Structure formats: C-alpha cells, structure tokens
Amino acid sequence: MKNEKQLLHKFINFLIGSLGELNRMVRSDFNDGEFWAFIECLEILGEWSGFKEYGINDIEKHFSV
C-alpha cells in the first residue's frame, strides 16, 4: 500500500501528463471540461508544500490557460 505522499505524487503526475496531452489536442466541449477540471485539481494540490518539487509556480500560466 502506498503512503499519502506517494499517492499525491502519482495523482499530480497523472494530472500534469493529462494536461500536456489535452494541450496538444483540438479543443472540444468534452476535453475543455476535462482540462478545466484538471486545472482546478492542480490548483488545490498546489497548496501542498510538496508541490514545489514540480517547478510549476503559476499553474494557469504554465498550461496556457
């Protein structure tokens, strides 16, 4: 069983990877909603002190929101 920190890292990596894929896709209503949901999740996780390890200081700027 993974500890909380490992799970947070896995979830953050999933979100960052998914946002990268969505940024390369042609936008549709479906993937636009998915994009914003992932951005909101990252903004919440961005409050965790360990999030600094990812080098993303401004989530919306980093993902061209």
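Higher on the page you've got the structure.
Our subject in this report is the structure included herewith. If you're wondering where the values come from, they're calculated on a predicted model, not measured in any experiment. (Residues numbered from 1 in each chain as written. Predicted model: local features only at pLDDT ≥ 70, side-chain atom pairs only at ≥ 80, totals over all residues. Heavy atoms only, no water.)

## Brief notes about helix α1 (residues 4-24)
Stage number 1. With 21 residues, α1 should reach 30 Å at 1.5 Å per residue; the first-to-last C-alpha distance of 31 Å fits that figure.
Stage number 2. Those residues of α1 that sit buried are His9, Ile12, Leu15, Ser18, Leu19, Gly20 and Leu22.
Stage number 3. Of the surrounding elements, those touching the buried residues of α1 are α2 (29-45).
Stage number 4. A distance of 3.0 Å separates the backbone nitrogen of Lys5 from a side-chain oxygen at the start of α1, and that oxygen is part of Asn3. (Helix = DSSP H or I, 4+ residues; strand = E, 2+ residues; numbered from the N terminus. Expected span 1.5 Å × (residues − 1). Buried < 20%, exposed > 50% of the residue type's maximum accessible area, 1.4 Å probe, protein only. Contact = heavy atoms within 4.5 Å. Polar contact = N/O pair within 3.5 Å; in protein donor to acceptor, adjacent residues only side chain to side chain.)

## Looking at the pattern of salt bridges
Stage number 1. Summed over all chains, the structure comprises one salt bridge.
Stage number 2. One salt bridge in this structure joins Asp32 and Arg27, with 3.3 Å as the shortest N-O distance.
Stage number 3. Take Asp32: its relative accessible area is 27%, and that puts it in the partly exposed class. (Salt bridge = Lys/Arg side-chain N within 4 Å of Asp/Glu carboxyl O.)

## Description of unusual backbone geometry
Stage number 1. For Ser64, which is not glycine, the phi torsion reads 50° and is therefore positive.
Stage number 2. For Ser64, a relative accessible area of 63% translates into the label exposed.

## Digging into the environment of Phe35
Stage number 1. Looking at where Phe35 falls in the secondary structure, it is placed in helix α2.
Stage number 2. Overall, the relative accessible area of 1% leaves Phe35 in the buried class.
Stage number 3. Between the alpha carbons of Phe35 and Phe63 there is a distance of 9.7 Å; along the sequence they are 28 residues apart.
Stage number 4. For Phe35, the contacting residues outside a window of four places in its chain are Leu19, Leu22, Asn23, Arg27, Phe63 and Val65.

## Overview of the environment of Leu45
Stage number 1. Secondary-structure assignment places Leu45 in helix α2.
Stage number 2. Distance in space between the C-alpha atoms of Leu45 and Gly55 is 13 Å, their sequence separation being ten residues.
Stage number 3. If sequence neighbours within four positions are ignored, Leu45 has contacts with Leu8, Phe11, Ile12, Leu15 and Phe51.

## Concerning the nonpolar core
Stage number 1. In this structure, Leu19, Leu42, Phe51, Ile59 and Phe63 are the most contacted members of the largest nonpolar core, which totals 14 residues.
Stage number 2. Of all elements in the fold, only α1 and α2 reach the threshold of two or more residues within this core.
Stage number 3. Looking at this core element by element, the count peaks at five residues for α2.
Stage number 4. Excluding its chain neighbours within four sequence positions, the residues that come into contact with Phe51 are Ile12, Leu42, Leu45, Gly46, Ile56 and Ile59. (Core = buried A, V, L, I, M, F, W, Y, C linked by side-chain atoms within 4.5 Å.)

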